[in-house]
Amino acid sequence: MYKTLDPAGFTVFITGATSGFGAAAARRYVAAGARVIASGRRGDRLADLKAELGERCHTIELDVRDRPALEAAIAGLPAPFDAVNIVLANAGLALGLQPAAEASLDDWETMVDTNIRGLMVTIRALLPGVIARGGGHIVTLGSVAGEYAYPGGSVYGATKAFVKQFAMNLRSDLQGKNVRVTNIEPGLTETEFSLVRFKGDDTKAAAPYAGTTPMNGDDIAEAIFWATTLPAHVNINRLEMMATTQAWGPFAIHREG
Ligand code: NDP
Ligand code: 8X3
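Summary of the structure given here. Worth saying up front: this structure is predicted, and the values here are computed from it rather than measured. (Residues numbered from 1 in each chain as written. Chains lettered and ligands numbered in written order. Predicted model: local features only at pLDDT ≥ 70, side-chain atom pairs only at ≥ 80, totals over all residues. Heavy atoms only, no water.)

With respect to the layout of surface pockets
Line of reasoning, step 1. Put simply, the second largest pocket is a space of about 190 Å³.
Line of reasoning, step 2. Looking at the second largest pocket, it is lined by 13 residues, and the ones nearest its centre are Leu 5, Phe 10, Gly 135, Gly 136 and Arg 180.
Line of reasoning, step 3. Partitioning the lining of the second largest pocket into residue classes produces four nonpolar, seven polar and two charged. (1 Å grid on protein atoms, 1.4 Å probe; cavity = no way out; pocket = protein on both sides within 12 Å on 5 of 7 lines; lining within 4 Å. Points joined across faces, edges and corners; volume = space filled by probe spheres on them. Nonpolar A, V, L, I, M, F, W, Y, C, P; charged D, E, K, R; others polar.)

Remarks on the site of ligand 2
Line of reasoning, step 1. Ligand 2 sits among Ser 143, Ala 145, Tyr 150, Tyr 156, Phe 193 and Arg 197.
Line of reasoning, step 2. Between ligand 2 and Ser 143 there is a distance of 2.5 Å, counted from an oxygen atom to a side-chain nitrogen or oxygen.
Line of reasoning, step 3. Protein burial of ligand 2: of its 240 Å² of free accessible surface, 79% is covered by the chains. (Near = heavy atom within 4 Å. Polar contact = N/O pair within 3.5 Å; in protein donor to acceptor, adjacent residues only side chain to side chain. Areas by Shrake-Rupley, 256 points an atom, 1.4 Å probe, with all protein chains shown as cover.)

Observations concerning the site of ligand 1
Line of reasoning, step 1. Residues in contact with ligand 1 amount to 29 residues; listed here are only the nearest, Thr 18, Ser 19, Arg 41, Tyr 156 and Thr 191.
Line of reasoning, step 2. Here an oxygen atom of ligand 1 sits 2.6 Å away from a polar atom, N or O, in the side chain of Thr 191.
Line of reasoning, step 3. Between ligand 1 and the protein, one listed contact pairs an oxygen atom with a backbone N or O atom of Glu 192 at 3.2 Å.
Line of reasoning, step 4. Broken down by secondary-structure element, the contributors of at least two residues to the shell around ligand 1 are helix H1 (20-31), helix H5 (154-173) and helix H6 (193-197).
Line of reasoning, step 5. Taken together, the residues of the shell around ligand 1 break down into ten nonpolar, 13 polar and six charged. (Helix = DSSP H or I, 4+ residues; strand = E, 2+ residues; numbered from the N terminus.)

Remarks on unusual backbone geometry
Line of reasoning, step 1. Note the cis peptide between Ala 79 and Pro 80, where omega equals 0°.
Line of reasoning, step 2. Along the chain, the position of Pro 80 falls in the loop between helix H3 (67-75) and strand S4 (86-89).
Line of reasoning, step 3. Of note in the backbone geometry, Asn 178 takes a positive phi value of approximately 65° without being a glycine.
Line of reasoning, step 4. Considering the arrangement of structural elements, one finds Asn 178 in the loop between H5 and strand S6 (179-186).
Line of reasoning, step 5. Phi is positive for Lys 199, which is not a glycine, with a value near 50°.

Treat this as a map of the structure, not an account of what it does.
Structural data, given as structure tokens:
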């Protein structure tokens, strides 16, 4: 029988655990016997998650854009939650879908600060400890938007292209250190993502999922769990996932006249 890793040996640090993929992953890992550090800005959500998951879940209220707070939170993790060996750098967001000339520069900066800087700081702060403890796994949340261009995807897609390349460069740096790196690259998945992108407009947020069956947080959490429990000699570099109902369109051609 194929022998996978025992998640009871995992201590998983998750950013963006208050909803969507992060919350689903926290539930998946705790259900399998792992310890989880669940973080995010919404303290009420974290309190609910802690009440649900119990003593194998430690929560930290933090904004990944606040570098000093993030570094202090990581440095101050209490035992046994300080023995992090799996990092799920998941916190992120898209804001708006306007063409570049009309998009909000503030939105662009928020996406860069969260999806790029927040992810960088999270991984940089945790990585030395993961290496010192003998190895582990860094999982990043990219997107199909980091691979394929679409109208209005400008800075969001560019942040996810950064995440993909950063993850693969990490792979190169970590050769021989027993640290695996996986970039998960989902397409259409129903979470709070769309509600955030359209700033609370329920009608606009529901439109991408109308009349179809998108993926959900549990689908992505299962893929993350699978990649991290594979035997230690196997590394899933990139995992692109789409809803069965989603595929590529033709190139857009502007016709003159
Ligand atoms: P959700 O909006 O459901 O969850 C996003 C999470 O990120 C929340 O827990 C939120 O917590 C957290 N977050 C956002 N900003 C910050 C911040 N500044 N500091 C700390 N935490 C923050 O979306 P998803 O679960 O769908 O998205 C998770 C990741 O997956 C994102 O990186 C997203 O770009 C990516 N992705 C999503 C896809 C989709 O279609 N849903 C497809 C491909 C990739 P809080 O607000 O409490 O801080
Ligand atoms: C989320 C997927 O297609 O909305 O990263 O950009 S998409």
